[in-house]
Structure formats: C-alpha cells, structure tokens
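Reading the structure
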Amino acid sequence: KEKKRHVGDTKHFCPVSLKENFVLYPGLHEHAAKYREKIYYFSTSQHRDKFLKNPEEYVAHNEPIQAPPLRVCLLGTHGAGKTTCARQIADKLGIFHIQFEEYLQELILPKSKEKVGPDFDEEPEDDNKMPVLSQVLDNFSQTMAKTETEKSKQEVELTDEEEAIKANLMDNEALPPEVLDNIVLDWWRKEPFRSTGFILDGFPRTSDEARYLSERGLCPDVAVYIQVEERDVLDRLFPPRLKKWKERQYKKMENIKKLKDLKAKIRV
C-alpha cells in the first residue's frame, strides 16, 4: 500500500504516451523518474526526458487523468467466427467494429469495381470444353469489345498504395509501414475512434504487423485469439463454397447451351 501511494497518476502506464497518443502503454522500470515524491514509468527514455523537461504537462491537476476507451484486437483463423463475435461485442459495448480486410476492400472498390482476392475470383474456364466466342461474333463486335476493354483498363489505374493493398488481398503480400500509417494510425489517434474505442477484427495477422503496432506505440487493451477445431471451420466454410461452385457450373452449362442454340440457328 505504501508503494502504491507513491506511484504517479498513470500508475505503471507511460504518461507521455497517454497524453500525446491517448494510449495506455506500459512503462518500464529502467525508464522511471521521480517527480513530487511520485514515481512515473515511461515506455522509452525519450518519453522520460520529454516528461522531465515539462512535467506539469503530463500530470493530473484539478481532475483525474482521463483513460482512453477500450481497444480490442480480435484474432483467429479464417472461418473462426471473428466477425460474428466482433459485431456482438461492439454492439454490447458501444464501440466501433472494424473488419480489416473488408476495410481494405472498400479502399480500392471505387476503382476495382468488385472485390478482389482468392474468395472472389471466378474459376478459369476450360478452353477445351467451352466454345470459342469468335466463331459466332463478327469482326466489328470483336473490335468494339477490345476498345471497351482497353478503355476500362485505362480508367482503372491504381496508385502505389492501392496496388499494395490489392497485392495484399490477392497474394497476401505484406503491407508496407507507410501504407499502414495511412490506415491504422487514425483508429487510435483521430475521432470518432479516439474517444469511442473499437474492436479490430482480423488485425494484426502476422508478426510483422504486430511489430508495426509495437513500434508505433499502438497498444490494444485486449487481444483475443479465437481457437477453433479444424472440423468446425470446414463445416462452416464448405457449404457456401460448394453452393457458389454449383452456381458457376450451372452458369457455364447455360452458356454452352446458348452458344449451341446460336450455332444451330446460324447453320439453318
């Protein structure tokens, strides 16, 4: 009890990180400093030096220092049920729900016009089984289609940041720190997330992304990992994927039938 009485207003959290970034970042004993008979702990020696230059800026005065809202990182394998759980938690606690991959999709959707990634790619058609459209299309329509395609490609010109996001969604390539800065920092430091809090669904996904959060001083208050059995994931993901495959097969067969009917009419 005597020891607790001499700890600073922010207890074992760094007062500089709390003041400047509104983040509860644990301080370290090796970066401690004493001010007005109270001990303060800091996340880095630079924050300790900044505190000592102007301590009154970082200590409580007339009212207790306000703590930041709840920030949760919800992790787990694909199909574990993160999004369902995150929506329920966000609704119950009155915080924002951020689905990371869905947010990335929204950033490039205005230009891509459709969602990208392995889950949204159509199966390549079998050239040996599908009739060739050029057999029933004249040269004029082929030229027009080619012109429209080239025009569409010119319109969909992605920036370097959008290309990095697309590569991440398509091939799971790591997002550069400068791209993450334009996405993640706002959730900790800008309104309305800063004062409301959030549950971040599906981030960080790799050790590099976790290291990024640590280097930027972006500490979640809680990190939850949902662990499920492989069988449960298969039972959840397989039926909708099978349904999607059947729909593609049906469309393929319908297309073959239409082309056959068209060829028959041309022969007649």
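Residues numbered from 1 in each chain as written. Predicted model: local features only at pLDDT ≥ 70, side-chain atom pairs only at ≥ 80, totals over all residues. Heavy atoms only, no water.

Quick notes on the pairing of strand β5 (residues 198–201)
- Burial along β5 is two-sided: F198 and L200 facing one way and I199 and D201 facing the other are all buried.
- As paired strands, strand β4 (residues 96–99) and β5 are joined by four bridges and run parallel to one another. Across the sheet, the residue bridging to Q99 is D201, located in β5. (Buried < 20%, exposed > 50% of the residue type's maximum accessible area, 1.4 Å probe, protein only. Helix = DSSP H or I, 4+ residues; strand = E, 2+ residues; numbered from the N terminus. Pairing = 2+ DSSP bridges.)

A short note on the state of the cysteines
- Scanning the entire structure with this criterion turns up zero disulfides.
- Free of any disulfide, C73 has its nearest cysteine sulfur in C219, 9.7 Å distant.
- Classification of C73 by relative accessible area gives buried; the value is 1%. (Disulfide = S-S within 2.5 Å.)

Notes on the nonpolar core
- Grouped together as the largest cluster of nonpolar side chains are 27 residues, with contacts concentrated most on F100, I165, I183, V184, W187, W188 and L200.
- Per-element accounting of this core gives the leading share, seven residues, to helix α8 (residues 177–189).
- Leaving out residues up to four positions away in the same chain, I165 has contacts with L104, L107, I108, L175, V179 and I183.
- Among the nonpolar cores identified, the runner-up in size contains nine residues, and C14, Y35, Y58 and V59 belong to it. (Core = buried A, V, L, I, M, F, W, Y, C linked by side-chain atoms within 4.5 Å. Contact = heavy atoms within 4.5 Å.)

A word on a nonpolar patch on the surface
- Taken together, the side chains of L70, I89, L93, V222 and V224 define a hydrophobic patch exposed on the protein surface, amounting to about 340 Å² of accessible area.
- Those elements giving two or more residues to the nonpolar patch turn out to be α4 (82–93) and β6 (222–226).
- Exposure remark for L93: the relative accessible area of 46% places this residue in the partly exposed category. (Patch = residues over 30% accessible without salt bridge, like charges linked within 9 Å, V, L, I, M, F, W, Y side chains within 5 Å. Areas by Shrake-Rupley, 256 points an atom, 1.4 Å probe, with all protein chains shown as cover. Salt bridge = Lys/Arg side-chain N within 4 Å of Asp/Glu carboxyl O.)

A word on the side chain of N21
- Considering the arrangement of structural elements, one finds N21 in helix α2 (residues 15–21).
- Taking the relative accessible area as the measure of exposure, N21 reaches 18% and is therefore buried.
- Other than its neighbours up to four places away in sequence, N21 contacts V16, W188, R189 and R194.

Comments concerning helix α5 (residues 100–112)
- With 13 residues, α5 ought to run about 18 Å at 1.5 Å a step, and its terminal C-alpha atoms sit 18 Å apart, in line with that.
- Taken as a whole, α5 carries its principal kink of about 30 degrees at E106; the proline P110 stands between one and four residues after it.
- For α5, the full list of buried residues reads F100, L104, Q105 and I108.
- The opening residue of α5, the one whose side-chain oxygen lies 3.3 Å from the backbone nitrogen of E101, is Q99. (Expected span 1.5 Å × (residues − 1). Bend = angle between axes of the 7 residues up to and from the residue. Polar contact = N/O pair within 3.5 Å; in protein donor to acceptor, adjacent residues only side chain to side chain.)

A look at the sheet that holds strand β3 (residues 71–76)
- As summarised here, the arrangement of the four strands in space is β4-β5-β3-β6, forming an open sheet in which the pairing is parallel. Two strands in the sheet have a free side with no partner beyond their single neighbour: β4 and β6. Adjacent strand axes in the sheet meet at a mean angle of 20 degrees, parallel and antiparallel pairs treated alike.
- Its contacts with the sheet place α8 against β3, β4 and β5, and it is angled at close to 155 degrees to β5. (Axes fitted to C-alpha atoms, helices over the stretch in contact; angles between N-to-C directions.)

What to know about unusual backbone geometry
- The omega torsion across E191 and P192 is 5 degrees, close enough to zero to call that bond cis.
- Structurally, the position occupied by P192 is in the loop between α8 and α9 (193–196).
- For the bond running from F203 to P204, omega is 0 degrees, close enough to zero to count as cis.
- Within the element layout of this structure, P204 appears in the loop between β5 and α10 (207–215).

Structural notes on the environment of A86
- Within the secondary structure, A86 is located in helix α4.
- On the accessibility criterion, A86 (0% relative accessible area) is buried.
- Put simply, A86 and I98 are 12 residues apart on the chain and 8.5 Å apart in space, counted from C-alpha to C-alpha.
- Residues contacting A86, with those up to four places away along its chain left out, are L74, H97, I199 and D201.

Here's the deal with the packing of aromatic side chains
- By the definition in use, this model includes nine aromatic pairs.
- Measuring from ring centre to ring centre gives 6.1 Å for F51 and Y58, while their planes differ by 40 degrees; the resulting arrangement is tilted. The burial state of F51 is the same as that of Y58; both residues are buried.
- Members of the aromatic cluster, each reached through a chain of ring pairs, are Y35, Y40, F42, F51 and Y58. (Phe/Tyr/Trp six-rings, centres within 6.5 Å; stacked < 30°, edge-to-face > 60°.)

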